[in-house]
Amino acid sequence: MPAKRKKQGLTDEFIAAVAHEIRNPLSSIKMNLHVFSRDLSALGSGKDVSIPNLQEHLRVALRAVDHLERIVNDIIDISRPVVPEFSKENVSDVMDAALLLAEKELSDKDIQVVKKIDSLPMVEVDARRMEQALLNIFLNSVHAMEKGGRLNITAAADLGTISITVEDNGKGMTQEVLSRVFEPFFTTSPDGTGLGLTLSRRLIERHNGTIDIESEKGKGTRVTVRLPCKQK
Ligand SMILES: Nc1ncnc2c1ncn2[C@@H]1O[C@H](COP(=O)(O)OP(=O)(O)O)[C@@H](O)[C@H]1O
Ligand SMILES: [Mg+2]
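Here's what I pulled together on the structure shown here. The structure displayed is predicted, hence computed values, not measured ones. (Residues numbered from 1 in each chain as written. Chains lettered and ligands numbered in written order. Predicted model: local features only at pLDDT ≥ 70, side-chain atom pairs only at ≥ 80, totals over all residues. Heavy atoms only, no water.)

**So, helix H2 (residues 12-44)**
(1) Moving on: Its 33 residues give H2 an end-to-end C-alpha distance of 47 Å, which sits within 8% of 48 Å, the value for a rise of 1.5 Å per residue.
(2) Moving on: Along its length, H2 reaches its greatest deviation from straightness, about 25°, at Arg23, and the proline Pro25 lies no more than four positions downstream.
(3) Moving on: Buried within H2 we find Phe14, Val18, Pro25, Ile29, Asn32, Val35, Phe36, Asp39 and Ala42.
(4) Moving on: Packing partners of the buried residues in H2 comprise helix H3 (51-79).
(5) Moving on: Following H2 by one or two positions, Gly46 has its phi on the positive side, about 80°. (Helix = DSSP H or I, 4+ residues; strand = E, 2+ residues; numbered from the N terminus. Expected span 1.5 Å × (residues − 1). Bend = angle between axes of the 7 residues up to and from the residue. Buried < 20%, exposed > 50% of the residue type's maximum accessible area, 1.4 Å probe, protein only. Contact = heavy atoms within 4.5 Å.)

Right, dumping it as structure tokens:
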């Protein structure tokens, strides 16, 4: 069993981290429902109880349930063995499909998307999985930007490799944050799971590709994904 777990990248350390991540929202749910139930009983016995307070306890508990759901969904994605199904695709179409999945977030924040795509050879990718890897990268950029930000996306081919760059003019990162972004569960966002880039890197590496991130605090971030055009 440990050998099989290792093969899928699920180390004992990862399992301990999962338990830790689940514990916080769970204790928030428990505490808030406990207080809710106590106050509801008090209300039932005619005591003066603030209804907005009651509602607030439910709201906080529901928010923690949402967070737990995100964590569980991301863990399901990340622990699924990745056996890519490669087919010849136009990477530009794969990028468009990922952008479409981010459409709501992009338009809610009035983000201007500027695409510069060279003429590209067909590339052997698992379109659905590459869409997911790119979507996580796009969403990170959207989250890092203010309303009206700009997302520059390029793709170019060179010597059997396709390079995709995703550049935002968002808040950027310190070197300390940058050095930790691929750690499972590392997040700077209260609603984040810290699993997005872990999953993107895993999917890209299953394509024998690489992901590199450069960032400057207060200026923005550039993510470069390189993929071989042909799989061996
Ligand atoms: N484009 C970006 N701009 C600024 N920070 C980023 C960007 N992409 C990733 N990060 C940082 O990396 C962290 C981890 O990202 P990720 O693994 O996708 O998890 P999550 O999005 O759930 O926080 C983010 O919380 C953020 O601090
Ligand atoms: Mg993310």
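**A look at the packing of aromatic side chains**
(1) Moving on: Under the counting rule described, the total for this entry stands at one aromatic pair.
(2) Moving on: The ring of Phe182 carries the charged tip of Arg201 above its face, separated from the ring centre by 4.5 Å. (Phe/Tyr/Trp six-rings, centres within 6.5 Å; stacked < 30°, edge-to-face > 60°. Lys NZ or Arg CZ within 6 Å of the ring centre and 35° of its normal.)

**Considerations on the pairing of strand S7 (residues 220-228)**
Across a regular strand the side chains alternate sides, sitting on one face of the sheet and then on the other.
(1) Moving on: Burial of S7 is extensive: seven of the nine residues sit out of reach of the surface.
(2) Moving on: As paired elements, strand S5 (residues 161-168) and S7 share eight bridges and run antiparallel to each other. When the sheet's bridge partners are listed, Thr161 is paired in S7 with Pro228.
(3) Moving on: Two strands pair when backbone bridges link them, and strand S6 (residues 210-216) and S7 are joined in this way by seven bridges, in the antiparallel orientation. Considered in S7, the bridge of Glu216 is made with Gly220.
(4) Moving on: Counting the residues in the hairpin turn of S6 and S7 gives three residues, including Gly218, whose phi is positive at 85°. (Pairing = 2+ DSSP bridges.)

**Let's talk about the site of ligand 1**
(1) Moving on: Around ligand 1, the surrounding shell holds 18 residues, and the nearest of these are Thr187, Thr188, Thr193, Gly194 and Leu197.
(2) Moving on: Residue Thr187 places a side-chain N or O atom 2.6 Å away from an oxygen atom belonging to ligand 1.
(3) Moving on: With respect to ligand 1, the side chain of Thr188 contributes an N or O atom lying 2.5 Å from an oxygen atom.
(4) Moving on: About the coverage of ligand 1: the protein hides 91% of its 540 Å² of free accessible area.
(5) Moving on: Elements supplying a minimum of two residues to the shell around ligand 1: helix H6 (127-144) and helix H8 (196-206).
(6) Moving on: In terms of residue count, H6 provides more of the shell around ligand 1 than any other element does, three residues in total.
(7) Moving on: Tallied by class, the residues present in the shell around ligand 1 amount to seven nonpolar, 10 polar and one charged. (Near = heavy atom within 4 Å. Polar contact = N/O pair within 3.5 Å; in protein donor to acceptor, adjacent residues only side chain to side chain. Areas by Shrake-Rupley, 256 points an atom, 1.4 Å probe, with all protein chains shown as cover. Nonpolar A, V, L, I, M, F, W, Y, C, P; charged D, E, K, R; others polar.)

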